[in-house]
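# Chains, contacts and geometry: an overview
Here are the chains, one letter per residue:
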Amino acid sequence: MKKIFLFCSQGMSTSLLAKKMQDVAEKHKLPIEVKAFSHGEIEGIVEKLNPDCILLGPQVKYLYDETVKKLKDCNIPIAVIDSLDYGMMDAEKVLKKAIVLMKKNKK
Amino acid sequence: MFKLLEKLLMPAAEKLGKNKILIAIRDGFLISTPLLIVGSIFLLLANFPISGWEEFWTKILGEGWDMWFVNVSRATFGIIALLSCLGTGYAYAREIKGDKIQSAAVALVSFIILMPTCISFEGVKGSGTISALAFEYVGSNGIFLALIVSVVSVKIFNWAYEKGWTIKMPNGVPPAVADSFAALIPSSIVIGFFFLIRIGFEFTTFETAHKFIYTVLQMPLQGIGNTLGAQMVYSTFGSLFWFFGINGPAVTNTIFGPIMKVLTIENLEAFQAGLPLPNIFTGPFSDFFTCYGGGGSTLSLVIVMMLFCKSKRITQLGKLSIVPGIFGINEPIIFGLPIVLNPVLIVPFIVVPSVNLILSTFATNLGIIPYTTGVALPWTTPIGFSGYLATGSLVAGLWQIGLLILGCFIYYPFIKMLDKKYLKDEEEATNSESEIEDISFEDLSAEDF
């Protein structure tokens, strides 16, 4: 099971997208779990649940550098979700991008 | 112009969003938020905004039934300063990677050290002193001192810890025991420090640190926060940050959060005591009377998008955004329309909340809508209900809907401009496929996971 975790300031709007991504994954029977959390808890959650991919909502893109620095030892790919994909709640595209990220990271 | 603004705002957001102390204060409040909401429900039950409610229950339950509920509200927002102290201490230790629970405990003790724990009274049967903590010190007017003490004590505690000023136990001692000994010297340094501060203040005219912070810092800040001007700044910056794709309130609340919290709780305490409500600009006021459907009051925009626009992109986005919008979530609009860096929409995006704010302020001053009682509701409470519950008046709910409709009129010409452009784009659209489109979920093999 691969875990893709989404983070924004309260984990509210990312949870909408996470739900849609989970639906897409289930539709295609992919062993993927998508969840959303508040960015404030990122370290604790990463430590406890070991996600395979971290996506930040575009509204907290200013936290990207800091997040990368914080988690540099974890070897987890981190990206900011494209704002247009995010706005259109294009779950399929975001999921695909996450898969590409995880594939690249594995190599 | 936009470039210049972005140059100024981006670093500001970064600085505020990364400052460990401000993050700790913001997240520290999060710990008390669910408790405040539950406490407010009890308060609402005791004072439900229907006439005859109190008399009805007094007949059934007898005099003094409301005291049962008051106990719960005292145990929640009545001790808001203690909760903030604990929460901020915990969150700050988390930010600086210290011992979280030990830090929170030290912060709490330090705060209490600065408080009078002996209270003199005069009664019918004579006078005397009792050892007690007065609610006036642990409620809303202790919040600022609590925040300061919390940050300072955790800082000192973890500084001593890092210096290695700890008692080290030999191997074989259980870690829980070793940890408690390790906290011994840092704790005593912190406690010693606040002991001296307390004594120091007794020699001044303020007598306590509490009175000092309250007069020097809290009262002026509260006074400034409780003005239309400050609220305009708050609302405009919130919109501006969103315009650059940054979560506006997450940034502005690092500064305005504590002030609004105090103003809100003051109203709540007055409401509970049956006194006139002191403040217009509480948290619920700004949540429920300036923006509908998230930053920029975009619920109006979504309604116009659904009813009057023709381009596929806008109508689809409208359908997608209406339900989250009712609950105050509008990121789909912000990034999908987009509002981010869109020079057409920035105008109504700033104007609509400002108009709402100004009109609501006048309406409150004129007595059309009552002051907010300070009852804490989740910011996701839908329009109509939120106005009613926040003030106890149905008129306030109707007022919200009136402003929502007004917002539709302001947004209309702007979104129509964008709609025309998108319609044209869609007619000329060419499909461009990216590398992402090439992946098919069916082609993924089990080895990919």
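Heads up: these notes are all about the structure in this document.

Reading the values: the criteria
For every chain, the first residue of its written sequence is number 1, and the numbers climb from 1 along that sequence. All chains are assigned letters beginning at A, and all ligands numbers beginning at 1, according to the order in which they are written. Local features are withheld for residues below a pLDDT of 70 in this predicted model, meaning they are given only at 70 or higher, and side-chain atom pairs are given and counted only at 80 or more; totals for whole chains, interfaces and linings count all residues. Hydrogens and water molecules were not included; the side-chain quantities draw on all heavy atoms of the structure. When accessible area is computed with a 1.4 Å probe and restricted to protein chains, residues below 20% of their type maximum are described as buried, those above 50% as exposed, and intermediate ones as partly exposed. For helices the rule is a DSSP run of H or I covering at least 4 residues; for strands it is a run of E covering at least 2, with both sets numbered from the N terminus onward. When DSSP finds at least two bridges between two strands, those strands are taken to pair. Contact criterion: two residues are considered in contact whenever any of their non-hydrogen atoms come within 4.5 Å of each other. We define buried area as the total accessible area lost by two parts upon association, computed with a 1.4 Å probe and summed across both. We define a salt bridge as a side-chain nitrogen of Lys or Arg found within 4 Å of a carboxyl oxygen belonging to Asp or Glu. A 3.5 Å cut-off defines polar contacts: any pair of N or O atoms within that distance qualifies, except that in protein one atom must be a possible hydrogen donor and the other a possible acceptor, and neighbouring residues in sequence count only when both atoms are side-chain atoms. Orientation is described by lines fitted to C-alpha atoms, with helices fitted over the stretch in contact, and by angles between N-to-C directions that extend from 0 to 180 degrees. An expected span of 1.5 Å times one less than the residue number is assigned to each helix. Two axes enter the bend calculation: one fitted to the seven residues ending at the residue in question, the other to the seven starting there, and the bend is the angle between them. Centres within 6.5 Å make a pair out of two Phe, Tyr or Trp rings, where for Trp the six-membered ring is used; the pair is then stacked when the planes are under 30 degrees apart, edge-to-face when over 60, and tilted otherwise.

Across the six residues that make up strand 1 (residues 118-123) of chain B, only a small minority, zero, are buried. Linking strand 1 of chain B back to strand 2 (residues 126-131) of chain B in an antiparallel pair, the connection comprises two residues.

As a further point, take the interface of chain B and chain A. Each side of the interface is counted separately: chain B has 35 residues, and chain A has 35 residues. Summed over both partners, the interface of chain B with chain A comes to about 3200 Å²; 69% of that surface belongs to carbon and sulfur atoms. Inspection of the region where chain B meets chain A yields one salt bridge. Glu-43 of chain A is the partner of Lys-97 of chain B in a salt bridge, and the nearest nitrogen-oxygen pair spans 3.3 Å. Summed over the shared surface of chain B and chain A, the result is six residue pairs in polar contact (both at pLDDT 80 or more).

This part is about the sheet that holds strand 3 (residues 53-56) of chain A. Strand pairing within a sheet occurs via backbone hydrogen bonds; the two strands may be parallel or antiparallel. All names here are of chain A. Spatial ordering of the open sheet is given by 2-1-3-4, a layout of four strands whose pairing is parallel. Every other strand in the sheet has two partners, leaving strand 2 (32-38) and strand 4 (78-80) as the edge strands with one partner each. For this sheet the average axis-to-axis angle between neighbouring strands, irrespective of direction, equals 25 degrees. As paired elements, strand 3 and strand 4 share three bridges and run parallel to each other. Note on strand 4: the bridge partner recorded for Ile-54 is Ile-78. In the packing of helix 2 (residues 42-49) onto the sheet, contacts are made with strand 1 (2-8), strand 2 and strand 3, and the angle to strand 1 comes to roughly 175 degrees. On top of the sheet, helix 5 (residues 91-106) reaches strand 1, strand 2, strand 3 and strand 4; it is set at about 135 degrees to strand 3, its chief contact.

What follows concerns helix 16 (residues 312-326) of chain B. Helix length check: helix 16 of chain B (15 residues) gives 22 Å between terminal C-alpha atoms against 21 Å at 1.5 Å per residue, within 8%. Along helix 16 of chain B, the sharpest kink reaches roughly 35 degrees, centred on Leu-320 of chain B and followed within four residues by the proline Pro-324 of chain B. Packed against the buried residues of helix 16 of chain B are helix 1 (13-27) and helix 4 (83-87) of chain A together with helix 15 (298-308), helix 17 (331-336) and helix 20 (394-427) of chain B. Downstream of helix 16 of chain B by a residue or two, Gly-328 of chain B has a phi angle that is positive, lying close to 80 degrees.

One pass over the full model with this rule turns up 17 aromatic pairs over all chains. Their ring planes at 55 degrees and their centres at 4.9 Å tell us that Phe-5 of chain A and Phe-37 of chain A sit as a pair that is tilted. Here Phe-37 of chain A lies in strand 2 and Phe-5 of chain A lies in strand 1, a separation of 32 residues in the sequence. Across the pair, Phe-37 of chain A and Phe-5 of chain A agree in class, each one buried. Ring plane angle 80 degrees and centroid distance 5.7 Å describe the contact between Tyr-86 of chain A and Phe-335 of chain B, whose orientation is recorded as edge-to-face. Pair noted here: Tyr-86 of chain A is in helix 4 and Phe-335 of chain B is in helix 17, and the two residues belong to different chains.

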